[in-house]
Amino acid sequence: MILASFITPALLFLAENAEQLPWWRQPWWRPINLLIFVIFLIYLLVKKVRVGEVFDRRAATILKELEQARHDKAEAQQRLAEVEARFNRLDEEVAQIRAEAEREAARETERIRQAASADAEKIRQTARREIDGAMKAARGELRAFVAEQSVALAETIIRRDIRPEDDRRLLSRYMDELSEVNR
């Protein structure tokens, strides 16, 4: 087809200008020369440079890239569908999270209430023990104080009321009791 498109104008040109010049100077020689050059150029491109293989490789690369693009597009559409589905479920998930948080808060409130109750009971028991201990210590101190005061009062009364003759009489009674015990 390419060859025919070059030869047809050349032949028409030759038919119109058939003069008596030498053949290499004839005007029809220029298109033939161009045709030979084009054929030689096509030969070089096809056989030596292998333009067909280059185009085939490029076509294969383009096909591979198109296939990869289709695959990537399908993957992207699938991810988009997943994201849209998740987005549509977002309200449900928020409601579930909120409900779970409320349940957890209720459990935590109850746990804190029980812990506070247990701590209050421990504090009450500790306070009772401390009060009981303080009462016992106070009673012991009171008994000791009363005993000291009683002894001091008795000593004061005895010193004031006992005379030397009472002292002799008590001593002799004590001696008699000791002699009875020895028997």
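All figures in this text were calculated on a predicted structure; none of them were measured in a lab. (Residues numbered from 1 in each chain as written. Predicted model: local features only at pLDDT ≥ 70, side-chain atom pairs only at ≥ 80, totals over all residues. Heavy atoms only, no water.)

### Digging into the overall build of the chain
Move 1: A tally of helices and strands in the chain yields four helices and zero strands.
Move 2: Going from the N terminus to the C terminus, the chain shows its helices and strands as α-α-α-α.
Move 3: With 183 residues in all, the chain has 3% of them scored as buried.
Move 4: Looking at the chain as shown, the accessible area adds up to about 16700 Å², and 60% of this sits on carbon and sulfur atoms. (Helix = DSSP H or I, 4+ residues; strand = E, 2+ residues; numbered from the N terminus. Buried < 20%, exposed > 50% of the residue type's maximum accessible area, 1.4 Å probe, protein only. Areas by Shrake-Rupley, 256 points an atom, 1.4 Å probe, with all protein chains shown as cover.)

### With respect to the pattern of salt bridges
Move 1: Per the counting criterion, the structure on display carries eight salt bridges.
Move 2: Put simply, E67 and R70 hold a salt bridge, and the shortest N to O gap is 3.1 Å. You can see E67 and its partner R70 sitting in helix α3 (residues 51–161), three residues apart, about one turn around the helix.
Move 3: E104 serves as the salt-bridge partner of R107, at 2.6 Å between the closest nitrogen and oxygen. (Salt bridge = Lys/Arg side-chain N within 4 Å of Asp/Glu carboxyl O.)

### Observations regarding a nonpolar patch on the surface
Move 1: A contiguous nonpolar surface patch, about 610 Å² in accessible area, is contributed by L34, F37, L41, I42, L45, V46 and V49.
Move 2: When you line up the elements, I42 lands in helix α2 (residues 29–48). (Patch = residues over 30% accessible without salt bridge, like charges linked within 9 Å, V, L, I, M, F, W, Y side chains within 5 Å.)

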